[in-house]
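# Per-entry structural report
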Amino acid sequence: MLDGKKTLFSGMQATGNLTLGNYCGALKNWVTLNDEYECFYSVVDMHSITVRQNPAELRKRARALLTLYIAAGLDPEKNCIYYQSHVSAHAELSWILNCYTYMGELNRMTQFKDKSSKHADNINSGLYTYPVLMASDILLYQADVVPVGADQMQHLELTRDIAQRFNNIYGDVFTIPEAYVGKTGARIMSLQDPTKKMSKSDENINASIYLTDDPDTIIRKFKRAVTDSSAEVRYDKEEKPGISNLIDIYRSATGKGIEEIEREFDGKGYGDFKLAVGESVADLLKPIQDRQVDLLKDKAYIDGIIKANAEKANYFANKTLRKVQKKVGFPERIR
Ligand code: ATP
Ligand code: LTN
């Protein structure tokens, strides 16, 4: 706990183009929580290299993501917005926690199974121990809450287990973090296959709304969204997964409730509904896009944020790391 406030940690990978799923499931919740907590938001570039990256591209995307955090409404003076790779304690704690994590636990991680089937030519050990690096991210800052989309719950459970195991041996070293999964937007599904989550690595560009899409593209993608043939705007995840997903998106973009939405489109066809969803999403994203473009031009300002926040993150991370190193028996540093 810092300044009487609880601590929040979250992070996102700078791989691929961020989607509406990333925004509604993660970033949007971060913005609503950032007054209440002492917040750390990382661009987790070390996680990114578990999948092969083009170096210049990764650097560019990482900067765009860091800027997007600010454009979406996170104040970089109040929140610590930083690159994971600028804080070496992440790698150091990760090594230690690897020695407190069982292979049996890592074998159960569904993201590892998914990613290794997608990247069968590069199933590296970083991909396998990815959740341990994620646990280190969270535990270094003694985070109380971690806002993530529903797909990251399994990693968060593992983080809690590792922390608990460590505390059982060495005393109260780590805060046990809680997940925060938002009420709306926890799982935005693909527009082309509503049984699959919307994902930035989807090959079909019509399946995802990218945060960089312009209004016309957004509206066109919603028009093409896969739905059922009954032409009734009603929330029913089993029978009408496509329409329910669009209702979820509309709820997240407008703050309206399910019943209110059903009433609004009572007697109207899917065409009207899809257009309204598209317009609401375009309105939601436009101001963020404009601000990001402006911020990216202001090199000196962004560089200043990167430097100051890396220092702040290093300070807090090293405090925890030193404590852990002492607990496990590493020799004291001579000053
Ligand atoms: P990839 O396709 O590379 O696996 P991704 O789109 O799933 O990427 P991540 O970088 O793994 O995105 O996730 C960043 C954050 O966005 C996480 O907190 C995750 O839970 C959330 N998130 C990702 N996709 C969705 C989605 N479809 N609905 C809700 N939240 C999501
Ligand atoms: N694994 C997460 C990204 C991530 C993260 C974190 C999220 C890395 N470290 C710490 C929350 C807290 C993902 O793929 N979305």
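Here, every reference points to the structure presented above.
Described in the following lines is the structure provided in the data block.

Rules behind the numbers
Residues numbered from 1 in each chain as written. Chains lettered and ligands numbered in written order. Predicted model: local features only at pLDDT ≥ 70, side-chain atom pairs only at ≥ 80, totals over all residues. Heavy atoms only, no water. Helix = DSSP H or I, 4+ residues; strand = E, 2+ residues; numbered from the N terminus. Rg over C-alpha atoms; globule rule 2.2 N^0.38 Å. Buried < 20%, exposed > 50% of the residue type's maximum accessible area, 1.4 Å probe, protein only. Contact = heavy atoms within 4.5 Å. 1 Å grid on protein atoms, 1.4 Å probe; cavity = no way out; pocket = protein on both sides within 12 Å on 5 of 7 lines; lining within 4 Å. Points joined across faces, edges and corners; volume = space filled by probe spheres on them. Nonpolar A, V, L, I, M, F, W, Y, C, P; charged D, E, K, R; others polar. Axes fitted to C-alpha atoms, helices over the stretch in contact; angles between N-to-C directions. Parallel < 35°, antiparallel > 145°, perpendicular 65-115°, else oblique. Left-handed = near helix turned anticlockwise from the far one by under 90°. Near = heavy atom within 4 Å. Polar contact = N/O pair within 3.5 Å; in protein donor to acceptor, adjacent residues only side chain to side chain. Areas by Shrake-Rupley, 256 points an atom, 1.4 Å probe, with all protein chains shown as cover. Core = buried A, V, L, I, M, F, W, Y, C linked by side-chain atoms within 4.5 Å. Salt bridge = Lys/Arg side-chain N within 4 Å of Asp/Glu carboxyl O. Pairing = 2+ DSSP bridges. Right-handed = clockwise from strand over helix to strand, strands pointing away. Phe/Tyr/Trp six-rings, centres within 6.5 Å; stacked < 30°, edge-to-face > 60°. Lys NZ or Arg CZ within 6 Å of the ring centre and 35° of its normal.

Helix and strand counts for the protein chain come out as 13 helices and five strands. Over its C-alpha atoms the protein chain spans a radius of gyration of 21 Å, differing by no more than 12% from the 20 Å that the globule rule assigns to 335 residues. Its C-alpha atoms give the protein chain principal-axis dimensions of roughly 75 × 45 × 40 Å. Put simply, the protein chain has 335 residues, and 51% of those count as buried. Of all intrachain contacts in the protein chain linking residues separated by at least 6 positions in sequence, the fraction that spans at least 24 positions is 75%.

Using the criterion set out here, one finds one cavity of 30 Å³ or more in the structure. If you add up the space inside the largest cavity, you get close to 40 Å³. If you trace the largest cavity, you find it lined by Gln 111, Phe 112, Lys 115, Leu 127, Tyr 130, Pro 131 and His 155. Among the secondary structure elements, those contributing two or more residues to the lining of the largest cavity are helix 6 (110–118) and helix 7 (125–140). Of the residues assigned to the lining of the largest cavity, the class counts are four nonpolar, two polar and one charged.

Orientation of helix 7 relative to helix 8 (residues 153–170), taken along the N-to-C sense of each, is 70 degrees, at an axis distance of 9 Å. If you check the angle between helix 7 and helix 8, you find them roughly perpendicular. The handedness of the crossing between helix 7 and helix 8 comes out as right-handed. Residue-level contacts link Tyr 130, Pro 131, Met 134, Ala 135, Ile 138 and Leu 139 of helix 7 to His 155, Leu 156, Leu 158, Thr 159, Ile 162 and Ala 163 of helix 8. Considering only residue class, the contact of helix 7 with helix 8 consists of 10 nonpolar, two polar and no charged.

Let us now look at the site of ligand 1. In the region of ligand 1, 20 residues are neighbours, and Asp 151, Ile 188, Lys 197, Ser 199 and Ser 201 sit closest. The backbone of Ile 188 places a nitrogen or oxygen atom 2.7 Å from a nitrogen atom of ligand 1. Measuring from an oxygen atom of ligand 1, one finds a side-chain N or O atom of Lys 200 at 2.8 Å. When isolated, ligand 1 has an accessible area of 600 Å², and the protein chains bury 94% of it.

This paragraph deals with the environment of Leu 68. Turning to its location among the elements, Leu 68 is positioned in helix 3 (residues 55–71). For the pair Leu 68 and Leu 27, spaced 41 residues apart in the sequence, the C-alpha separation amounts to 9.4 Å. Look past the residues within four positions of Leu 68 in its chain and what remains in contact with it is Leu 18, Leu 27, Leu 211, Ile 288 and Gln 292.

Our next topic: the nonpolar core. Core analysis: the biggest nonpolar cluster contains 58 residues, and Tyr 69, Phe 222, Phe 273 and Val 281 have the highest contact counts within it. Looking at this core, the element that brings in the most residues is helix 12 (residues 270–297), giving 10 residues. Once residues lying within four places of it in the same chain are set aside, the contact partners of Phe 273 are Val 233, Ile 243, Leu 246, Ile 247, Tyr 250, Ile 261 and Phe 265.

For the coordinates displayed, the defined rule picks out 18 salt bridges. Notably, a salt bridge pairs Arg 234 with Glu 232, separated by 3.3 Å at the nearest N-O pair. Here the residues in one salt-bridge network are Arg 63, Lys 299 and Asp 303, joined through shared partners.

Near ligand 2, the surroundings consist of 13 residues, among which Gly 11, Tyr 130, Met 134, Asp 137 and Gln 152 are the closest. Asp 137 places a polar side-chain atom, nitrogen or oxygen, 2.6 Å from a nitrogen atom of ligand 2. Protein chains bury 91% of the 370 Å² of accessible surface belonging to ligand 2 in isolation. Elements with a minimum of two residues in the shell around ligand 2: strand 1 (7–12) and helix 7. Ranked by the residues each element gives to the shell around ligand 2, the list is headed by helix 7, at four residues.

One face of the sheet, then the other: side chains in a regular strand alternate in exactly this way. Within strand 1, five of the six residues are buried, which leaves it mostly tucked inside the rest of the structure. Across six bridges, strand 1 lies against strand 2 (residues 38–43) in parallel orientation. Opposite Ser 10, over in strand 2, you have Tyr 41 as the bridge partner. The β-α-β motif built from strand 1, the intervening helix 1 (residues 20–33) and the parallel element strand 2 has right-handed crossover chirality.

We now examine the side chain of Glu 38. Counting through the fold element by element, Glu 38 comes out in strand 2. The exposure class of Glu 38 is buried, given its relative accessible area of 11%. In this structure the side chain of Glu 38 is engaged in a polar contact, spanning 3.4 Å, whose partner is the side chain of Lys 312.

Evaluation of the coordinates by the stated rule reveals 15 aromatic pairs. On the basis of an interplanar angle of 50 degrees and a centroid distance of 5.2 Å, the ring pair of Phe 166 and Phe 174 is categorised as tilted. For Phe 166, a relative accessible area of 0% puts it in the buried group. Among the aromatic residues, those joined into a ring-pair cluster are Phe 9, Phe 40, Tyr 82, Tyr 141, Tyr 315 and Phe 316. Above the plane of the ring of Tyr 235 lies Arg 251, whose end atom (NZ or CZ) is 6.0 Å from the centre.

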